[in-house]
Each structure stands twice: as structure tokens, then as C-alpha cells.
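Descriptive analysis of the structure
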Amino acid sequence: MKDENDTRRDFSVGKVSQIITAQAVPLTIAQLVQLMYNIVDRIYIGHLPDIGSMALTGVGITFPITTLILAFANLFGTGGAPLFSIQRGAKNEERAREIMGNVFTLILCTSVVVMVFCYAVSTPMLYLFGASDDTIIYAESYLRIYLCGVIFSMIVTGMNGFISALGFPRIAMWTTVIGAVLNLILDPIFIFGLSLGVSGAALATVISQCVSAIWVLHFLTSKKTRISTNISLKMRYMKLKFRTVTSVLSLGVSGFMQQATNCLVQIVCNVTLQNYGGDLYVGVMTIINSVREIASLPVTGISSGGQPVLGYNYGAGKNDRVRQGIRFMAVVGVAYTALLWLVIELFPAVFIRIFSNDAESIEIGARALRIYFMGFVFMSLQFVGQSTFVGLGKSKRAVFFSILRKVVIVVPLTVFLPMVMGLGTDGVFLAEPISNLVGGLACFLTMYFTLYRKL
């Protein structure tokens, strides 16, 4: 008989909803804590005396670049972890070790290239992304220090999923808890105590991510992990192999496109808002993005927790359990997003005040937040469909729907609604709920009819 630890690592036994929940809760907490790296920075920066609004806008201008860095981490992490789960489910542990080792090498190499490139073109890139002469100084101060920690950020984002896929979601949670608590402590010391302002926020983030990266690597290379799972990160599996790299990239391109298209949307939104409303509206969008990131966490947690469970059971040939997992993710996702949408519609100003005390920002932000979150419930359908496609290795469909919602729907609407329909800044915020409705339904229904019913 299997001992208790082995049973917890075997996703093919036990109640599917309980297994996904056991995976999702620590992951959600971990993702929430990881968000605190940036959210706490924005809260402190937004409340800096006299310069808070401009400084927050400047940091918001850097979002497309930090999102692009996250996109590369997701390219390898979301491509490798589901394949890793499938191979574990099929009891092919040698192949699983190879996947994890190759992903780590890809992360190391890419982080160096991304850091050097972003340093070289940071100033013109920030102006292109919507910076003004008033905000560029804050954007540059934050970005140039943040880029020093690219390698740490990518290791945490790209490799932490393997800890969850091994059946240790609580350890994965602690990866981000440790770093975020440290960031929470260092932020006020650097920003206010040492009077470093925006630069202090970036420095606190880099130090915290470094500590989290050390935690991840220690766990994946430890003797305890090797004994309990028969898998660990070893040097001999880090040599890149064409078959493994192409498999990871093929599946991971969905996660990459999801973040890369987020980057594109952020750029178009910032530039359009700068043209129609100026720095104040770019700052409001920074706040709305922060609220959206927090609000989306339970849905992304369920989706991330479900992926290894779906992949493991799919690899083990247990299709009924895969269907149970999909149903559970859909019900929980829709119920949560519907409830939160109601709360935001009733009390929008409460969320804006977390990041700013400026009366004009609160007034404009409350109206924009209501518009932006109108189609929030349909976003959960997008997440369920995407997670199912990725978890079962159906990368082409996952990539298609990532592109459809952001590139085909959001970007054109962000330009079309303000200019052609004459909606101004309201048109920018209205593009998101329209894309959630169309893209979310299209993704979920395609998954249901082409995959779920055939399992």
C-alpha cells in the first residue's frame, strides 16, 4: 500500500474537487503573496507626499516591460509543468527530470538576454509605452533597478510550478510568502526610511525575489525531494535537447501569448489614455490593473491548481476524473466572479482609495472600475477553457484563444471605441468587458464541444 505522502502525490486517487482545492488554496495564497511584491510597492508609491500620483503613473508605464519578462517565464514554466505532470502520471520519471532540467536552462539563458536588451532600450521604450516628461524619471528609476532581478523573478515564476506539480503546493506557497513578507518589511524602510522613493521600492522587490529564488532551487535540488518523489533538479538533465525544448515551447506558447498579449494591451491602453486623458488616466489604469490582478487570483488559483491534476489523470487515462475537474473549476470560477463583480459595482471607490487619496483619481477611477468589471464573470470561462487546453497538452487551441481575446478583440476596440464611436476614455475601459464576453464564451464553448464531450 502507498503511504500518506505517496497518496497525496498521486492525483489519480481521491475526490477530484478536494485534490484541486488542496492544490489551489496554497497556490492562490502564493499568487496573492507574490502579487504583494508589486501591489505593496504601488500602495506605498501612490501615497508618497506631493509626487504620489505622478510616481504611480511612472511605475504603471513599466508594466508592459515587467509583463513581458513574466511572459518569457510563463513560456517555459507553463509549457514545462503540464508536460512534467503528464509524464509523472504515465510513470515516465526520466522524461520528467529531463523536462524540468531543460526548463531551468532555458530560464537562465533567456533572463540574461532579456535583461541586457531592456537595459539597452529602456528610455525610448518607456516613451513609446506612454511615458511623459513628467513621469519618465519615475519609470526609469524603478525599471533600471528592477531589471537587476530579472533572473530571480524568472526562476520563481518559471520553476515554482514544478514544486506544485510534484505534489507540494504548500512549499510552492512558501516560495512567495517568504519573499513577499520580506518585501513588505523592506518597502517602508527603503522608500521612506532611507528616502529612496521609487528606487527603494524596486530594490526591495529585487532582494525579496532573490530570497524566493534561493528557496525554490534549494527545494528542487534537495535530497529530501529526491527521496520523496524520486525526482530532483540535477545538472545532467540541464543539457538542452531539441525534442524537449520544442515540446515545452509548443505548449508554453499559450502562457507566453497570454502575457505577451497582456503586454500589448497595456501599451495600447496607456498610449490611448495618454492621448485622451493624460497622465491622470494612465495612473487610474495602473490602479485598475492592480485591482484586476487581485480580483482574478482565486480563478487563476483554481485554474493553476487544476492543471497538474487534469494532466496527471489525462496521462493515466482516467478521463472521467478529468471531466470532474473541468466541471469543478467552471462552477467555482463562475460563482466567485459573479459575487465579486457585484461587490465592485456597489463599492468601487473603496478599491481605488487603497492606492490613492487624490479626490480626482478616486472619482474618475470609481467610474472606470465599474465599466471595466462589467463582464468579469465571463473571464472565468476563459480561464477554465485555457487551463483545460494547457493541462491536456492542446497547445494550439490555447494559443488561438489567447490571441483572439486580446489581439483580435481588445486591441482594436481600445482604438476604435474612443476614436470612431466617440467614447473617449470610457471606450478604453469598455473594451475589456466586451472581450471577456466574446472571448470567454468562445473559448469555453469550444473546449466543451471539442474536448470535454469527447473525453
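As the structure is a prediction and not an experimental result, all values here were calculated from the model. Here, residues in each chain are numbered from 1, in the same order as that chain's written sequence. The model is predicted, so local features are restricted to residues of pLDDT at least 70 and side-chain atom pairs to those at 80 or more, both for listing and for counting; the totals for chains, interfaces and linings are taken over all residues. Note: side-chain values were computed over all heavy atoms of the structure, leaving out hydrogens and water.

1. Some points on the overall build of the protein chain
The helix and strand labels rest on DSSP assignments: H or I over at least four residues marks a helix, E over at least two residues marks a strand, and numbering proceeds from the N terminus. What the protein chain contains, in helices and strands, is 19 helices and zero strands. Long-range contacts, defined here as pairs at least 24 residues apart, represent 81% of the contacts in the protein chain between residues at least 6 apart. Counting 34 positive and 22 negative side-chain charges, the protein chain places the centres of these two groups 18 Å from one another. Contacts: residue pairs with any heavy atoms within 4.5 Å of one another. Working convention for charge: Lys and Arg count positive, Asp and Glu count negative, and His plus the chain ends are omitted. Taken as the charge centre is NZ of Lys, CZ of Arg, CG of Asp or CD of Glu, depending on the residue.

2. Notes on the packing of helix H11 (residues 242–276) against helix H12 (residues 279–295)
Only the stretch in contact is used when a helix axis is fitted, and all axes are lines through C-alpha atoms; the angle between N-to-C directions ranges over 0 to 180 degrees. Two elements in contact, H11 and H12, have axes separated by 7 Å at closest approach and are oriented at 145°. Relative to H12, H11 is oriented so that their crossing is right-handed. Contacts between H11 and H12 involve Gln266, Cys269, Asn270, Leu273 and Gln274 on the former and, on the latter, Asp279, Tyr281, Val282, Met285 and Asn289. In this count, Pro and Cys sit with the nonpolar residues alongside Ala, Val, Leu, Ile, Met, Phe, Trp and Tyr, while Asp, Glu, Lys and Arg are called charged and the others, Gly among them, polar. The class makeup of the residues in the contact of H11 with H12 is five nonpolar, four polar and one charged. The crossing is said to be left-handed when, going from far helix to near helix, the turn is anticlockwise and less than a right angle, and right-handed when the turn is clockwise.

3. A closer look at the nonpolar core
Note on terminology: a nonpolar core comprises buried Ala, Val, Leu, Ile, Met, Phe, Trp, Tyr and Cys residues joined through side-chain atoms within 4.5 Å. Residue exposure (1.4 Å probe, protein chains only): buried if accessible area is under 20% of the type maximum, exposed if over 50%, otherwise partly exposed. Of all hydrophobic cores here, the largest spans 126 residues; its most connected members are Phe84, Met159, Leu220 and Phe429. Apart from residues no more than four positions distant in its own chain, phenylalanine 429 is found in contact with Leu273, Tyr281, Val284, Met285, Ile288, Ala368, Ile371 and Tyr372. Formed by six residues, the second largest nonpolar core is a distinct cluster that contains Phe11, Ile19, Ile20 and Val309.

4. Section: the confidence of the model for the protein chain
Model confidence for the protein chain is summarised by a mean pLDDT of 84, while 96% of its residues fall at 70 or above. Confidence scores per residue from the predictor, reported as pLDDT, run from 0 to 100. The secondary structure element of the protein chain with the lowest average pLDDT is helix H1 (residues 4–9), at 46, and the one with the highest is helix H19 (residues 425–450), at 91. Every residue in residues 1–8 scores below 50 in pLDDT, and together they form four contacts with partners more than four places removed in sequence or on other chains.

5. A short note on the packing of helix H16 (residues 359–372) against H19
Following both chains from N to C, one finds H16 and H19 inclined at 30°, their axes separated by 7 Å at the closest point. In this view, H16 runs roughly parallel relative to H19, as classed from their interaxial angle. Contacts from Arg367, Ala368, Ile371 and Tyr372 in H16 reach Asp426, Phe429, Leu430, Glu432 and Pro433 in H19. When grouped by side-chain class, the residues that make up the contact of H16 with H19 number six nonpolar, no polar and three charged. For classification, angles of less than 35 degrees are called roughly parallel, those exceeding 145 degrees roughly antiparallel, those between 65 and 115 degrees roughly perpendicular, and all remaining angles oblique.

6. Structural notes on the packing of aromatic side chains
Geometry of aromatic contacts follows a simple scheme: Phe, Tyr and Trp rings, the Trp one being its six-membered ring, pair when their centres are within 6.5 Å, and the pair is stacked under 30 degrees between planes, edge-to-face over 60, tilted otherwise. Applying the stated criterion to the full structure yields 10 aromatic pairs. Grouped by ring-pair contacts, the aromatic residues Tyr372, Phe373 and Phe376 constitute a single cluster.

7. Let's talk about the environment of leucine 273
Mapped onto the fold, leucine 273 is located in helix H11. Residue class for leucine 273 comes out buried when judged on its relative accessible area of 0%. When sequence neighbours within four positions are dropped, the list of residues in contact with leucine 273 reads Gly278, Tyr281, Val282, Met285, Thr425, Val428 and Phe429.

8. Some details on helix H5 (residues 93–128)
Fitting axes to the seven residues that end at a residue and to the seven that start at it, the angle between those axes gives the bend at that residue. Along H5, the sharpest change in direction is near 70° and occurs at serine 122; proline proline 124 comes one to four residues later. One or two positions beyond H5, positive phi appears at glycine 130, with a value near 115°.

9. Observations regarding the pattern of salt bridges
When a carboxyl oxygen of Asp or Glu is within 4 Å of a side-chain nitrogen of Lys or Arg, the pair counts as a salt bridge. Scanning the entire structure with this criterion turns up eight salt bridges. For arginine 405, the salt bridge goes to glutamate 432, with nearest N and O atoms at 3.4 Å. Linking arginine 405 in helix H18 (residues 395–419) with glutamate 432 in helix H19, this pair joins segments that are 27 residues apart in sequence. Given the relative accessible area of 7%, glutamate 432 is considered buried.

10. Description of a nonpolar patch on the surface
A patch is a set of surface residues, each over 30% in relative accessible area and not in a salt bridge, joined within 9 Å for like charges and within 5 Å for the nonpolar side chains Val, Leu, Ile, Met, Phe, Trp and Tyr. Only the protein chains shown count as cover for residues, with accessible areas throughout obtained via the Shrake-Rupley method and a probe of 1.4 Å. Taken together, the side chains of Val181, Ile185, Ile189, Leu194, Leu196, Leu203, Ile207 and Val211 define a hydrophobic patch exposed on the protein surface, amounting to about 610 Å² of accessible area. Elements supplying a minimum of two residues to the nonpolar patch: helix H8 (169–193) and helix H9 (197–221). Here isoleucine 185 shows up in helix H8. On the accessibility criterion, isoleucine 185 (49% relative accessible area) is partly exposed.

11. As for unusual backbone geometry
Its identity is not glycine, yet serine 195 carries a phi of approximately 60°, on the positive side. With respect to the helices, strands and loops of the structure, serine 195 is situated in the loop between H8 and H9.

12. With respect to the side chain of serine 132
The residue serine 132 is located in the loop between H5 and helix H6 (136–146) in this model. Judged by relative accessible area, serine 132 falls into the buried class, the value being 16%. The residues touching serine 132, leaving out its near neighbours within four places in the chain, are Tyr127, Gln274 and Asp279.

13. Description of the environment of phenylalanine 162
As for its placement among the helices and strands, phenylalanine 162 is situated in helix H7 (residues 150–165). On a C-alpha basis, the gap between phenylalanine 162 and methionine 100 in space is 7.4 Å, while along the polypeptide they are 62 residues apart.

14. Observations concerning the side chain of glutamine 307
Note that glutamine 307 resides in helix H13 (residues 297–315). Setting aside anything within four residues of it in sequence, one finds glutamine 307 in contact with Pro82, Ser387, Val390 and Gly391.

15. Here we look at the state of the cysteines
In this description, a disulfide is simply a cysteine sulfur pair whose atoms lie within 2.5 Å. Within this structure, the stated rule accounts for zero disulfides. Cysteine 263 forms no disulfide, and the closest cysteine sulfur to it belongs to cysteine 118, at a distance of 9.5 Å.

16. Overview of the environment of valine 291
Mapped onto the fold, valine 291 is located in helix H12. Residue valine 291 is classed as buried on the basis of its relative accessible area of 5%. Sequence separation of valine 291 and isoleucine 354 is 63 residues, and the distance between their C-alpha atoms is 9.5 Å. Apart from the residues within four sequence positions on either side, valine 291 is in contact with Ile344, Phe351, Phe355, Leu369 and Phe373.

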